[in-house]
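As a plain string of letters, each chain reads:
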Amino acid sequence: MFKFDFFNVEKPEEAPQATNFGREPVLHQLADFKYQPKRISYSFYEDLVRRDLYDVMYELKQRSDLNEEEKLLLESNSDLESNVYEGGLKVWEGSYDLVKVLKDSFNGDFQISGSRKYMELGCGAGLPLCLLLYKHIQQNIPGKFVFADYNEAVLSLLTVPNILLIYLSARNLLPENENEINTDPEMLKSMVKDLDNVGIEIEIVSGAWGAQFTKLTGESDFDLVLASETVYSLESLPSFTKVTVSALKPGASALVAAKQVYFGVGGGVIEFLRLLDAEGLHHSTVAEYGESVKRVVLEVKK
Ligand SMILES: C[S@@+](CC[C@H](N)C(=O)[O-])C[C@H]1O[C@@H](n2cnc3c(N)ncnc32)[C@H](O)[C@@H]1O
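Residues numbered from 1 in each chain as written. Predicted model: local features only at pLDDT ≥ 70, side-chain atom pairs only at ≥ 80, totals over all residues. Heavy atoms only, no water.

An unreviewed UniProt entry annotates the chain as protein-histidine N-methyltransferase originating from Starmerella bacillaris.

Here it is as structure tokens:
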């Protein structure tokens, strides 16, 4: 007869500790950013150029000098791994929703006077903030742009190449009928110099949301905070909410794209709204998408 021997069950091996790559927030200057790819292949989403995601994986497979975080991204088979890799190497649906909301809001005619400060939290590819950066560069409007992601490797492999591509595209410097460019660190440096002359400043921040993150990025300083697919985890939702709200100037807004529910992870819109209500913050739904799994873009006002 089968008998379950409770006391003699082998003790399971200690689960390996999650390595919190880049957990401590770090502010990187774009010109000094560790800039890896020597060649970038790209394609367009509407008028927005971005690095092909398969090109990132190709690069990781080719290089023999991967750091620990890059090795992990290469080996990871899942969309995200809590506190290790938080999903930035994929463009999630919410990013496209947010791009659409931004485009609709300026209806083809992006007109602003004076400088603006923007931040995209959990940016990954950073398409929504890249759209605003593109408009500012095209029209030589000053502004500050902070791209933040949990994983430094995501920033160096995807976000920074996308910023460079957006710059080249806005300045009409991308070769015609090509889908690849050769790059070198000098390109990044001359981009920074050119943007400096216009008053466009770009900062890159890696690491986890929290008090230290806010200290680095600035409090009550931003005119607009963007985020997409960042409310999926019950664990990080309070710090995400706090960082978002702290960043905004009084009266300023955040646009947050999210799925109504994230099956199997626990977070979602209801939990996010509950935290906003507890803080007495005004919120409204500015767009709704999706059939079976509903997606929304929320505006949160400080
Ligand atoms: C699902 S991905 C979404 C990426 C991108 N916004 C998109 O929609 O394509 C979630 C993003 O949130 C960021 N993130 C998740 N947890 C975080 C945390 N605790 N601190 C900082 N960033 C975090 C990750 O860097 C990741 O890029």
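A. Broad picture of the sheet that holds strand S3 (residues 48-51). Read from one edge of the open sheet, three strands run S3-S2-S6, paired in antiparallel fashion. Of all strands in the sheet, those with a lone pairing partner are S3 and strand S6 (180-182), marking the two edges. Direction aside, neighbouring strands of the sheet carry axes that sit 35° apart on average. In this structure, strand S2 (residues 39-45) lies alongside S3, joined through four bridges in antiparallel fashion. Opposite Tyr45, over in S3, you have Leu48 as the bridge partner. Strands in contact with helix H1 (residues 53-62) are S2 and S3; relative to S2, the strand with the most contacts, it is inclined by about 165°. (Pairing = 2+ DSSP bridges. Helix = DSSP H or I, 4+ residues; strand = E, 2+ residues; numbered from the N terminus. Axes fitted to C-alpha atoms, helices over the stretch in contact; angles between N-to-C directions. Contact = heavy atoms within 4.5 Å.)

B. Seen up close, the side chain of Asn162. Looking at where Asn162 falls in the secondary structure, it is placed in helix H5 (residues 152-170). The exposure class assigned to Asn162 is buried, which follows from its relative accessible area of 0%. Within polar-contact distance, the side chain of Asn162 engages the backbone nitrogen of Arg51 at 2.6 Å. If we skip the residues at most four places from it in the chain, Asn162 touches Arg50, Arg51, Ala125 and Cys130. (Buried < 20%, exposed > 50% of the residue type's maximum accessible area, 1.4 Å probe, protein only. Polar contact = N/O pair within 3.5 Å; in protein donor to acceptor, adjacent residues only side chain to side chain.)

C. Fine view of the site of the ligand. If you check the shell around the ligand, you find 20 residues, and the closest are Trp92, Gly122, Asp149, Tyr150 and Ser228. In this structure, an oxygen atom belonging to the ligand sits 3.4 Å away from a main-chain N or O atom of Lys90. Interatomic distance of 2.7 Å between a backbone N/O atom of Gly122 and a nitrogen atom of the ligand. For the ligand, whose accessible area on its own is 580 Å², the fraction buried by protein is 98%. Given that more than half its atoms are within 2 Å of the pocket grid, the ligand belongs to the largest pocket. Of the residues in the shell around the ligand, the class split is seven nonpolar, nine polar and four charged. (Near = heavy atom within 4 Å. Areas by Shrake-Rupley, 256 points an atom, 1.4 Å probe, with all protein chains shown as cover. 1 Å grid on protein atoms, 1.4 Å probe; cavity = no way out; pocket = protein on both sides within 12 Å on 5 of 7 lines; lining within 4 Å. Sits in = over half its atoms within 2 Å of the grid points. Nonpolar A, V, L, I, M, F, W, Y, C, P; charged D, E, K, R; others polar.)

D. Representation of the sheet that holds strand S8 (residues 222-228). In spatial order, the strands read S1-S7-S5-S4-S8-S9-S11-S10; together these eight strands make up an open sheet with mixed pairing. Two strands bound the open sheet, and with one partner strand each, they are strand S1 (26-29) and strand S10 (282-289). The mean inter-strand angle of the sheet, taken between neighbouring strand axes irrespective of direction, is 20°. Taken together, the six bridges between S8 and strand S9 (residues 248-259) define a ladder with parallel strand orientation.

E. Representation of the packing of H1 against helix H2 (residues 68-75) in the model. The interhelical angle for the contact between H1 and H2, taken along N-to-C directions, is 120°, at an axis separation of 10 Å. Here H2 runs oblique to H1, going by the angle between their axes. Here H1 and H2 pass one another in a crossing that is left-handed. Only Glu70, Leu73 and Leu74 of H2 make contact with H1, whose side of the interface consists of Met57, Leu60 and Lys61. Its residues assigned to classes, the contact of H1 with H2 shows four nonpolar, no polar and two charged. (Parallel < 35°, antiparallel > 145°, perpendicular 65-115°, else oblique. Left-handed = near helix turned anticlockwise from the far one by under 90°.)

F. Quick peek at the environment of Asn140. Relative to the assigned elements, Asn140 resides in the loop between helix H4 (127-138) and strand S5 (143-149). Judged by its relative accessible area of 42%, Asn140 falls in the partly exposed class. Sequence separation between Asn140 and Phe222 is 82 residues; the distance between their C-alpha atoms is 19 Å. Excluding residues that lie within four positions of it along the chain, Asn140 makes contacts with Arg171 and Val198. Polar side-chain contacts of Asn140 include one of 3.0 Å to the side chain of Arg171.

G. Broad picture of the layout of surface pockets. Each pocket or cavity is described by its volume, and for the largest pocket that value is around 470 Å³. Surrounding the largest pocket, 32 residues form its lining, Glu86, Gly122, Tyr150, Trp209 and Tyr232 being those nearest its centre. Among the residues making up the lining of the largest pocket, the classes are represented as 11 nonpolar, 14 polar and seven charged. (Points joined across faces, edges and corners; volume = space filled by probe spheres on them.)

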